[in-house]
Amino acid sequence: MTDTATPRTPVVDVLCVGAGFSGLYAAYKAREHGWTFAGFEKAPDVGGTWFWNTYPGARCDVESIYYSYSFDEELQKEWTWSERFAPQAEILSYINHVADRFDLRRHFQFDTKVTEANWLPDEHLWELTLDSGAKRRGRYLLAGSGGLSTPKDVDVPGLQNFSGLVVSTSRWNISLDDLAGKRVAVIGTGSSGVQCIPLIAKVAEHLTVFQRTPNYVFPARNAPMAPEVVDEIKSKYPDIRQECRYSPGGIPDRPVTDKAFDVSDEERQRRYEAAYERSGFLGVGAEFADLLFDLEANKTAADFFRGKIHEIVRDQKTATLLEPQFPLGAKRSCFGTDYYETFNRPNVSLVSLRDDPLTTMTAGSIVTEHSEHEVDAIVLAIGFDAFTGPLFGLNVTTPDSGRLQDAWSDGVRTYLGMMTAGFPNFFMIAGPQSPALASNVVMTIEQSVDWITDLIAIARAKGIEVVEATVEGQNDWVNITELTVNQTLYATTDSWYRGSNVAGKPSTFMGYVGGVGHYRRICEEIARRGYPGVALDGRSVAAGIGRIDEEVAEATPATASEEVHAEVATVVGG
Ligand code: NAP
C-alpha cells in the first residue's frame, strides 16, 4: 500500500481524535502494528474526561483496580492505587504515567480541535480540518472522543441575568476555597452533583441543592487500599482481568440466579441489607436476577432503598423529596460519600424543581415558581450531550452520506457501536450501542480498540483499502440492541442513556446492555466468520449477526433470555 503524501497534506495510517483512555491505547496499538498515527486533542494534555472533570469529590465509581488498563502486565504490577475508588487527580496521574511509560505523548498534537473530517472517496483517505485551518490526512479515522466529553448546552432559564460566580462541574476552573463562606447553589443531582455536594456543603455559608429528578445514591464505601489486598490482586491480576473481559459489566462477577419473590420477605430484606453494605455495581440492584426486568421485583429493592433515605435524613419532608421514583437501576445509579447525611446539616437546603420549577434568575438570586433564593455562586452539574455530542462536533462527512448528524437525524445507528454504514474507514472506540455506558469503560475501550485494529490489520494484509459496515449488518445490530434493552426496565426511564436529557435529541438507547462478555463473544465470532456485516472493498459477507447473537447465547447452559437477564442484572448495580 503506498501513501500519496504531499508536503502540504501528510498522510498517516491512523488519525485519531482524543487523548484519553481510548486515544492513548489506540496510539499504543497502532505503533505495535507498525502504523503511523496522528492524534489530536483539544485539551493541553492527556486525560480526556479525567483532564476536564476536576470538580471537588470527582472520583471513579468503578474500583480503580479494574478501572485501569489491562494490556500490559508490568504496568498493572508497577502501579499501586491508593484508594478503592481513586480520586480524579490520581487517575489523571495514572494516565500521564501510561503516556510517559509508553512514550505516547509524542503521537498527539494538543490544544488542537478537529473541526471537520471529510472522506475523500477517490483517494480512500480521511482529511481532517483542525481549528488552526491546517489539514491532516489519513487512511483510517478513529473517534476516541469519549461518550461523556461534551457538556450539555446550558438550559437553565435566566442564567444570563446572574452576575455572581458560575462554574460547571465538567469544566471546573476554580478551587473549593473560592466557594468558602459563600451562598452556593448546585443545580443537578446526577453522579457529578452527588460527588461535589457534600464537599461544597462543608465550606459554603449555605448550600441550596436544586434537584429535578432524585437519584439512587448508594454509599461508595471508599477506603484506602490495604497493602495485603493490593499484593493479592497483583499476584492474580491476569486471571482477574480475564474474568472481567468475559463478565457482564467488565468487573468480577457475582452471579445470581434467584428472583426477588423466590425468597421470603425477611430473607429478601436480609439480602438487601448485606448488598447495601457491600454497595458498588454488584450491590442492591444486582441482588436478584429479575430486578431490572420485573417492575414488582424492582419495587422491593427501590422500597428498601427509599427506607434507607428515611433512616439517614432526619427531616422526613426532605427525605421524601429525595426519594427516587423510577425503577432502581433503570438509569445510572450514583455512588456518594455522605450524600444523604449532608441534608442533615443546618447550612444545607433542598429545592425540588418538580414541585417548584425554576423560572428565572436575577443578578443575585435563583427564582422558582414559589420562592427566591439569594446566592453568590452557582455550580452547574447538569450533565452531558452523551456520545453524539462529541461525535457530531467532528462534522464527520462523506460525499454520499453527508454529515453523521444528518445520517443519524432519526437516531443513532451503528454496527457493534464501532462503525456506521456510509462512513468507510471510520471507527468509534466504545461508541454508542457498544457496552460502554453500562460497563467498566476501560475494559470496553481496550476490547473496542483491539477489535478495530485487528480488522484494519486483516484488511491491510489482504490489500483491502476500504472497510465499511453494511446497512444490513447495522440493521441487525440496532435490532439486537433494541431487543435487548426492551427486555429491561431501562426502556421505561428517561436519562442521558437515551438522549432525553438534551432537548430535541432523537431518542435512541445509547448502549448495548447484554453484557461485556456476551458482546465480546459476538465480536470474536464475527471476526472468526470473516466479518459478516462489513464490506471489505465493497465485497460483503452477509450480515446475520442476529444468528450469531443467538448462537453465542445458546452456547451457554442458560437460555438466551435467561442469559441476558443474568448478564444485565450485574450491570445495574447499586
Ligand atoms: P447527569 O447524570 O445527566 O445529571 C445531570 C443532573 O442535572 C440531573 O439531576 C438532571 O436532572 C439535572 N439537570 C439537567 N438539566 C437541568 C436543568 N435545566 N435544570 C435543572 N436540573 C437539570 O450528569 P452527570 O451528573 O454529569 O453524570 C453523567 C454521567 O457521567 C454519569 O451518569 C456517569 O456515567 C458519569 N459520571 C461518573 C462519575 C463517576 O464515575 N464517579 C462521576 C460523574 C459522572 P434530570 O435527571 O431531571 O434531567
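In what follows, the structure referred to is the one given above.
In this report, the structure presented in the accompanying data block is examined. (Residues numbered from 1 in each chain as written. Predicted model: local features only at pLDDT ≥ 70, side-chain atom pairs only at ≥ 80, totals over all residues. Heavy atoms only, no water.)

Before going further, it helps to examine the overall build of the protein chain. Secondary structure assignment for the protein chain yields 17 helices and 22 strands. In summary, the protein chain has a C-alpha radius of gyration of 24 Å against a globular reference of 25 Å for 574 residues, a match within 12%. Projected onto the principal axes, the alpha-carbon positions of the protein chain cover approximately 70 × 55 × 50 Å. By residue count, 60% of the 574 residues in the protein chain fall in the buried class. (Helix = DSSP H or I, 4+ residues; strand = E, 2+ residues; numbered from the N terminus. Rg over C-alpha atoms; globule rule 2.2 N^0.38 Å. Buried < 20%, exposed > 50% of the residue type's maximum accessible area, 1.4 Å probe, protein only.)

Here the focus is the site of the ligand. Of all residues adjacent to the ligand, which total 26 residues, the nearest are R59, K152, D155, S192 and T213. K331 has a polar side-chain atom sitting 3.3 Å from an oxygen atom of the ligand. In the complex, 88% of the free accessible area of the ligand, which totals 900 Å², lies under the protein chains. Sorting elements by how many residues they give to the shell around the ligand places helix 5 (residues 191–203) first, with 3 residues. Here the residues of the shell around the ligand are counted per class, giving 10 nonpolar, 8 polar and 8 charged. (Near = heavy atom within 4 Å. Polar contact = N/O pair within 3.5 Å; in protein donor to acceptor, adjacent residues only side chain to side chain. Areas by Shrake-Rupley, 256 points an atom, 1.4 Å probe, with all protein chains shown as cover. Nonpolar A, V, L, I, M, F, W, Y, C, P; charged D, E, K, R; others polar.)

Let's shift gears to the pattern of salt bridges. Tallying each qualifying case throughout the model produces 33 salt bridges. As a salt-bridge pair, R101 and E78 come within 2.3 Å of each other at their nearest N and O atoms. With R101 in helix 4 (residues 88–101) and E78 in helix 3 (residues 73–78), this residue pair connects regions lying 23 residues apart in the sequence. Residues joined by salt bridges that share partners form a network here, namely R254, D258, R271, R278 and E287. (Salt bridge = Lys/Arg side-chain N within 4 Å of Asp/Glu carboxyl O.)

Take the layout of surface pockets next. Roughly 310 Å³ of internal volume is contained in the second largest pocket. Around the second largest pocket, the lining comprises 21 residues; the ones closest to its centre are D385, T388, V502, A503 and K505. Partitioning the lining of the second largest pocket into residue classes produces 9 nonpolar, 7 polar and 5 charged. (1 Å grid on protein atoms, 1.4 Å probe; cavity = no way out; pocket = protein on both sides within 12 Å on 5 of 7 lines; lining within 4 Å. Points joined across faces, edges and corners; volume = space filled by probe spheres on them.)

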